[in-house]
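Next come the chains, spelled out residue by residue.
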Amino acid sequence: MKRYGMIVDLNRCVGCQTCTIACKHSNDTPPGVQWRRVLDVEQGQYPDVERLFLVTGCQHCAEPSCVPVCPTGATRQREDGLVTMNYDLCIGCASCAVACPYQARTIVHEQHGYYADTLTKQEEKTAHTDRLGVANKCTFCIERIDTAHTQGLTPGVDPDVTPACAVSCITQAIRFGDFADPNSTVSQLARDERSFQMHAELGNDPQIKYLYEVPQATPGRGPDAIDVSDERLSDPANPLVGQRQTFWDYRAAMNFILGGMAAGLMLCAWWAAQLQLIEVQAHRQINLAAAAVMAIGLFFVFLKIGRKLRFLFVLLRPQSSWMTRETWCVAALYPAIAISFVWPQAVWMHCIALAAAGFLYCQGRILQASKGIPAWRVARMPMMLICTGIAEGIGLLALLTAQYTTQNTLPMYLCIAGALFALLNAVFWWQYVRQARANGIGPLARADLIKATPIVHGLAHLAPLGLYALALAKPETMHALTAIAGLCAVAGGAWWKFVVITRACHQQGFALPMVPQRGSGQRAAPARYALN
Amino acid sequence: MVPLYCNQCVCGPDLFKVEVRDGVALRMTPNHDLEGIHPAGGRVCVKAYGLVQKTYNPNRLTQPLKRTNPKKGKEHDPGFVPISWDEALDLVAEKLNAIRAKGLRDEEGYPRVAATFGGGGTPTRYMGTFPAFLSAWGVLDQGYGSGQGAKCFHSEHLYGEFWHRAFTVVVDSLNCDYVINFGSNHEASGGVSGVWRQADARSRGLKRVQVEPHLSVTGALSGEWVPIKPKTDAAFLYGLIHRILLERDWQAVCDVRFLKEDTNSPYLVGPHGYFMRDTVSGKPLIWDTAAQCAKPYDASISDAALTGSYCVSGEEHGPDGERWQHTEIQAQPSFERLREHMRKYTPEWAAAECDVPVETIRRVADEFVAHARVGATIEIDGQTLPHRPVGVMLGKGVNNGWGGYQAMWGRTLLASLVGALEVPGGTMGTKVRLNRPADNRLKSATHGEDGFMHYPFNSTLKADWQSKPHIRNAYKMLVPLAANSPWSAALGPAHLPWLFQHKAPAPWPRQTLPEMWICYRTNPAISSWNAPEVAKRIAEFPFMLAFGYTLDESNWMADVILPEASDLESWQLSRIGGTGSAEQFWHHQGWALRQPAVAPAGDCKDMSDIATELAKRTGLLREYNEAINRGSAAMALRGKDYDYALDPDIAHDSKSIWNAVAKAASHEVSAGADVKDLDWFSEHGFMIRPFSQLEWYLYPRMKSTGLRFELPYQERIQRHGAQLERRLHEVGIQWWDPQLKEYEALPEYLRFPDIWEHYATELGRDPAEFPLWALTARSMQYAWGANVGLPLIREVAQNVAGHDGVIINRATAKRLGIADGDPIVLESASGTTRGRATLREGIRPDTVLLIGQFDHWATPVAKDFGVASLNSLTDLAVSLTDATGSGADIMRVSVKKAPR
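Residue positions within a chain follow its written sequence, with the count starting from 1. Chains and ligands are labelled sequentially in the order written, the chains with letters from A and the ligands with numbers from 1. With pLDDT at 70 or above as the cut-off, local features in this predicted model cover only qualifying residues; side-chain atom pairs require 80 or more to be listed or tallied, and sums for whole chains, interfaces and linings still use all residues.

Glancing now at the overall build of chain B. A tally of regular secondary structure across chain B gives 30 helices and 32 strands. Radius of gyration means the value over C-alpha atoms here, while the globule rule gives 2.2 Å times the residue count to the 0.38 power. A globule of 900 residues ought to have a C-alpha radius of gyration of about 29 Å, and chain B, at 27 Å, matches this closely. The C-alpha extent of chain B, read off along each of the three principal axes, is 80 × 70 × 60 Å. Sequence-distant contacts, at least 24 apart, represent 72% of the contacts inside chain B between residues at least 6 apart. The numbering of helices and of strands both runs from the N terminus, where a helix is a DSSP run of H or I of at least 4 residues and a strand a run of E of at least 2. Residue pairs qualify as contacts under a 7 Å threshold applied to their C-beta atoms, which are placed from the backbone.

What follows is the structure, encoded as structure tokens:
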């Protein structure tokens, strides 16, 4: 069994961009897309400064976080370790892109040439329309590797079957080979030299290993406090800092917002029905209304995916993808609602509630599985989304209560439940923001969260809590106050989801757990009076 | 896959292959056939990968163009209209024929035709047989600079060749352990071979100390970055030398044998500062401490004295044949004089001058001598040579302009102190451009005066001095060291014609305009000092013939633009291997082919065919063909034992010409055993033979020829200076006096930064207005490639800091209220430029950095960059020109936030 990977030597790379451009040639990537990217990194503060060049790209992880999230099976891992893309299967949902902690993936939706819309002769001949609207990333030049066997050549040894970046590198900073072969150059380097894996703590076991030391000349050292200070990690010009992901925009947020509240509403309606606080007829109407809201959310997602006509492929990976599972919940939900109208049996109502609960849970897991976005991947995320969904459902039901009853029973229940969930959600949010740093959320995303906190607490927690309490205290205003409280809860829940998905959505960024000791002042390599 | 070479930069040629399908070039790859042969494994740099896009750039000019607007200037649309090749060539030929009828020189004696090519000789690797046409034409003014020559590694070119046949100087990184690098951005400018070898050296343990005001790409890859005040590098070097000679036990740390036997250290110096010479033979004297007497340098000497003062008789040879006879006077070895000379340049003094901690200077000096391994040897191809694994590199901004001589001298001296000159591991040269033979630097080391190598100085003796400019930059007149090779015109003060055209100093002969100016693969209106001013001068030329790729700021002023077939569309053979710029150190040498991988775009024509057409239409076909036969285009087609010469009386197409060259080249490579034609080269791409590593080093040749390095004492330089001063004063020229002061036997350090700080007053401005230093640095992605119109290059270049903005120290920017990405305006006493701010820590607070050369206003794509350029801030000025005739890429500036 093979395990292909790379060694990148920080003491050799000069940041010349030859690998980047050679990759662009070899893989015909469009303007702005760089599967092999080299960052110009500066650390420290004058007069103690270091600069280095960091090769990035798909790490072909042994435990790739992009593979299980793929709802279609377009992204897979081969036995030789290569993480592959099937462009014909991909729907362009970008789950993989937000799941990757190495910012390796891109999606280009429209064909452009380097000279605006007119393609040059070469661009016409090298255009790949199959790659439009779908996820792209470094393939380790898979076509080359796959010809090795037939030609009797060895990847990493023979240039024709070795990735373009490695064989074009003018410093041999990038080496490719088989880590499973103890005699390969990469294995020897990994064995003989000290190296690190980026974001090793995330557990992806990336297959690019970075060398950082030269015996007798350049020792390695860990980062200084200033390099990982909030100031540096907030500097948008710092290439290590992850910027906001743009794969999932307001359209994706709309699914979490509308789908979440709709699922919550269905659950609350089911609960109210179980307590016989609403009639079956009302229950069905509420389910229908919720389904419509959810459908709008789903339609927004449909608008966002790169390959709309392939949307049904989303159902293909229930064994690992929470997005597939979410869609199956939808697939169960809508027929159940339809049937509940023609065949009004309680079992369908239970089915609807179950599907809604599943939908809500899947949403939580989708966001949590997005390993590339620190603010999303926190362990509490599914619980936060579920509880918010329920709080929103309570809120929506409170809004609708007047339609179905003039009595105070239902509103009272809603007040109590709403207040409890508002309190619970307040605690969740407070913890989420408080533990953000510990959870690896960077200062830029933290700032977004902190900025949103007064509104989130105010709208989603304090206002409902206060209004629900007031309503309980003043039964004569109960309907009106619970409606307002519900509205606040819905708006507050929508707001935090919007903020988390489209604002505090900074990518993982890059990290340097070890760097070569070189630079000026304090950072300079140690004095030396002989090389033995 | 079609094999070709890339010689866009001076570090080539390097080889690659291009994938062609249905006549369209699609992709490029390295040429892996050269793995283990080419010093960088057959790889090419980022720039080469732009060539495919360059071929299909929709902004390419693909038809000859004629100007219709007689008014020239940035503000005047040239009104170019397409014309046929016949019309275009007739138009140019008619002009040339009219000029020829009047005479090749005008009434003032200047050539009527001038030509400017891009830097480093790289355009000749693309212009096919055009040099043969120029040779057939005859007198030509190639002294209008465009950024090459005077703006290049200028002092290094001149003094490097003078001292050790090193037109460019590098370290033998394969065998080197310790390098002090003063601002050479080698990792961006060293070509693939340089970058590859340095990476290998680093992995082996080479330590590099990078001394420069900003943390360059090269600084990034160095063990230590020492942020030095701009233009004080010579002071740092002097501090190191002081440390070695006066604080350390110099006899313990220096290579005393080398100093005694291989340099002029023991030559006795008389009271007038010239060598004490034997009155009979005129040979410089050395004090033999064993024999207790002075002997001619080439006599049998048991133990040459390096220090002390000795009572000797003899004579000094001053300027213009003056003789001073001395009887029993005190004379000192030049080494003794050197130690006295260096006494005042203490590390403390240097530290204050350079704004660097004194302990850094002392430590670097100590590390240098510790790594030098004086006494060690190494075996190279069966021969035992000294092994001195220490070197010193100088950057372009360090060794051009004022201070360049001192830095060059300090660097070369530092190498000689430990015997690390032209030996494995040490500081060494790569090629010659001023000496002959051009293709073998070792053979150019022949006997000259006083035990040193011959050097083809331009005479400063009254009888032979060129008293009037023969071309507009007057290099023969002003710069003895520029010699008189085909390269000398470009290595003279090539920026001065632009200045003198506007405002010449007095007295100076009236500078006429060339009646035709030819511009090929260069854009002086962008790449010159004070580029906006140069654009105005170009607009004054009555007729400009440009060979154009796209519109640019220079050909905007053209009368005719001829579109050449591009790098992937035309024929040419070039030498590869041996030793060459940066670190082209091969174990092979031979020839490589550039060929039409694809058909020329539109009506673009192979340069060789253009040259043939022009030769035909100017009645110079025979002379042109004979020039090709003599080797003007590549190599002689007729030799002792071979003859592939072209019939001189008929026109040959490009392919036939290069077919003949292919045969001659393969004949040379194989010593006649394996002659190949162009088709063979088309398939295989290159042909090589072994080249011994021993031929990398000059030292064995110096020993076998019985030559000494002309260091540390610069008697000849001093004499030429004295003579030149007399000559210039004789014709009333006083304005070159500051430059004449540079001709010192032991160069003094001047406060070089002051020259630029005070320059503002010359223009009536207050120096305090311009509190910051502005510098530039090499962009590997853009340099030389004429590729600013390629968005692909732009895309990848932007991954390297500084390609989108002016690099400013973060604290300085904060003080000025400037945030990252803010629009800024930079002003110097002579110009302004606009751009954006890029905030970094790796730069001194008193310095800003403008990478590359931009500020385009006509070149498609590039004109929309909004990137500032140092060339818009620097100035053309005699006071900023040193004695070798170069200025420097440095200026005092102010930086302000501009309104968005």
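Now, onward.
What follows deals with the domain arrangement of chain B. Residue and element names in this part refer to chain B. Partitioning chain B into domains gives domain 1 (65-153 + 484-563), domain 2 (169-429) and domain 3 (752-897). As annotated, the domain borders come from an automatic or database domain assignment. Centre-to-centre separation of domain 1 and domain 3, based on C-alpha positions: 26 Å. Tallying the contact residues gives 27 residues for domain 1 and 23 residues for domain 3. Listed by contribution, the elements that provide at least two residues to the side of domain 1 that touches domain 3 are helix H18 (496-502), helix H19 (524-527) and helix H20 (531-540). Among the elements that take part in the side of domain 1 that touches domain 3, H20 stands out by supplying 3 residues, more than any other. In this classification, Asp, Glu, Lys and Arg are treated as charged, Ala, Val, Leu, Ile, Met, Phe, Trp, Tyr, Cys and Pro as nonpolar, and every other residue, Gly included, as polar. Here the side of domain 1 that touches domain 3 is built from residues that sort into 12 nonpolar, 9 polar and 6 charged.

Another aspect to go through is the interface of chain A and chain B. Taken residue by residue, the interface counts 57 residues in chain A and 62 residues in chain B. When residues of the side of chain A that touches chain B are traced back to their parent elements, those giving at least two are helix H1 (18-27), strand S2 (37-45), strand S3 (48-56), helix H4 (121-125) and helix H6 (164-168) of chain A. The leading source of residues in the side of chain A that touches chain B is S2(A), at 7 residues. Of the residues belonging to the side of chain A that touches chain B, the class tally is 27 nonpolar, 21 polar and 9 charged.

Right, let's get into the packing of helix H8 (residues 233-247) of chain B against helix H12 (residues 347-354) of chain B. Residues and elements named next belong to chain B. Helix axes use the C-alpha atoms of the stretch in contact, all axes being lines fitted to C-alpha atoms, and the angles between their N-to-C directions lie in the range 0 to 180 degrees. Interaxial distance between H8 and H12 falls to 8 Å at its minimum, and their mutual angle equals 165°. When the interaxial angle is binned, H8 and H12 end up roughly antiparallel. Of the two elements, H8 crosses H12, and the hand of that crossing is left-handed. Along its contact with H8, which presents Ala235, Phe236, Tyr238, Gly239, His242 and Arg243, the element H12 presents Pro347, Trp349, Ala350, Ala351, Glu353 and Cys354. Here the contact of H8 with H12 is composed, by residue class, of 8 nonpolar, 2 polar and 2 charged. Under this scheme an angle from 65 to 115 degrees is roughly perpendicular, one under 35 degrees roughly parallel, and one over 145 degrees roughly antiparallel; angles in between are oblique. Left-handed is the label given to a crossing in which the near helix is rotated counterclockwise from the far helix by less than a right angle, and right-handed is the label when the rotation is clockwise.

Further remarks concern the pairing of strand S22 (residues 544-548) of chain B. One face of the sheet, then the other: side chains in a regular strand alternate in exactly this way. Residues and elements named next belong to chain B. Here exposure depends only on C-beta density: within 10 Å of a residue's C-beta, 20 or more other C-beta atoms make it buried, 12 or fewer make it exposed, and intermediate numbers make it partly exposed, the C-beta atoms being placed from the backbone. Here S22 lies mainly inside the structure; 5 of its 5 residues are buried. Side-chain alternation along S22 places Met544, Ala546 and Gly548 on one buried face and Leu545 and Phe547 on a second face that is also buried. Each pair of strands is called paired provided DSSP finds at least two bridges between the two strands. Direction of pairing for strand S21 (residues 516-520) relative to S22: parallel, over a ladder of 4 bridges. Each bridged residue has a counterpart across the sheet, and for Tyr520 the counterpart in S22 is Phe547. When S22 meets strand S23 (residues 560-563), the two strands line up parallel, connected through 4 bridges.

Further remarks concern the nonpolar core. For this analysis, nonpolar core means a set of buried Ala, Val, Leu, Ile, Met, Phe, Trp, Tyr and Cys residues linked through C-beta atoms within 7 Å. With 475 residues, the main nonpolar core has A:Met266, B:Leu268, B:Val661 and B:Ala774 as its most contacted residues. Looking at this core, the element that brings in the most residues is helix H9 (residues 250-274) of chain A, giving 17 residues. Here B:Val661 is in contact with B:Leu573, B:Ala633, B:Ala634, B:Met635 and B:Leu637, once residues within four sequence places are set aside.

What follows covers the packing of helix H11 (residues 322-342) of chain A against helix H12 (residues 346-368) of chain A. Residues and elements named next belong to chain A. The interhelical angle for the contact between H11 and H12, taken along N-to-C directions, is 160°, at an axis separation of 8 Å. Our classification of the angle between H11 and H12 gives roughly antiparallel. For H11 against H12, the interelement crossing comes out left-handed. From H11, Trp322, Met323, Arg325, Glu326, Cys329, Val330, Ala332, Leu333, Ala336, Ile337, Ile339 and Ser340 reach across to H12, where they touch Trp348, Met349, Cys351, Ile352, Ala355, Ala356, Gly358, Phe359, Cys362, Gln363, Arg365 and Ile366. Residues belonging to the contact of H11 with H12 are distributed by class as follows: 18 nonpolar, 3 polar and 3 charged.

It is worth spelling out the environment of B:Pro58 at this point. As for its placement among the helices and strands, B:Pro58 is situated in the loop between helix H1 (51-56) and strand S4 (65-66). Overall, B:Pro58 belongs to the partly exposed group, with 16 C-beta atoms counted inside 10 Å.

Most of the time, phi is negative for any residue but glycine, and the peptide bond is trans. For the bond running from A:Tyr46 to A:Pro47, omega is 10°, close enough to zero to count as cis. Relative to the helices and strands, A:Pro47 resides in the loop between S2 and S3. Between B:Gly12 and B:Pro13 the backbone carries a cis peptide bond, its omega angle lying at 0°. Along the chain, B:Pro13 turns up in the loop between strand S1 (2-6) and strand S2 (14-21). A positive phi is found at A:Gln17, a non-glycine position, where the angle reads about 75°. Within the fold, A:Gln17 resides in the loop between strand S1 (4-9) and H1. With 29 C-beta atoms counted inside 10 Å, the residue A:Gln17 sits in the buried group.

Residues and elements named next belong to chain B. Read across the open sheet, the 3 strands follow the order S1-S2-S3; overall the sheet is antiparallel. Two strands bound the open sheet, and with one partner strand each, they are S1 and strand S3 (24-30). Sheet twist, expressed as the average angle between the axes of neighbouring strands with direction ignored, equals 40°. Bridge analysis of S1 against S2 gives 5 bridges, and the strand direction is antiparallel. Among the inter-strand pairings, Tyr5 is bridged to a residue of S2, identified as Leu15.

Residues and elements named next belong to chain A. By the assigned domains, chain A splits into domain 1 (4-243 + 511-523) and domain 2 (250-502). Relative placement of domain 1 and domain 2: their C-alpha centres are 39 Å apart. Contacts between domain 1 and domain 2 engage 28 residues on the former and 21 residues on the latter. Mapped onto the side of domain 1 that touches domain 2, the elements with two or more residues apiece are helix H2 (66-69), helix H3 (95-99) and helix H8 (230-233). Tallied by class, the residues present in the side of domain 1 that touches domain 2 amount to 17 nonpolar, 10 polar and 1 charged.

Here we come to the pairing of strand S13 (residues 285-288) of chain B. Pairing geometry for S13(B) and strand S14 (residues 293-296) of chain B, over 4 bridges, is antiparallel. In the strand pairing of S14(B), B:Ile286 is matched with B:Lys295.

Moving on, we come to the sheet that holds S1(A). Residues and elements named next belong to chain A. Spatially, S8-S1-S10-S9 is the arrangement adopted by the 4 strands of the open sheet, whose pairing is mixed. Unpaired on one side and paired on the other, strand S8 (174-178) and strand S9 (195-197) mark the two borders of the sheet. For this sheet, the mean inter-axis angle between neighbouring strands, taken without regard to orientation, is 30°. In this sheet, strand S10 (residues 208-211) lies alongside S9 in antiparallel orientation, the contact comprising 3 bridges. Bridged to Phe196 within S10 is Tyr210. Against the sheet, helix H7 (residues 185-192) touches S1, S8, S9 and S10, its axis set at about 110° to S8.

Glancing now at helix H15 (residues 443-473) of chain A. Residue count minus one, scaled by 1.5 Å, sets the expected span of a helix. Its 31 residues give H15(A) an end-to-end C-alpha distance of 42 Å, which sits within 8% of 45 Å, the value for a rise of 1.5 Å per residue. Bend at a residue means the angle formed by two fitted axes: the first through the 7 residues ending at that position, the second through the 7 residues beginning there. The largest bend along H15(A) measures about 40° and falls at A:Ala452, with the proline A:Pro454 one to four residues further on.

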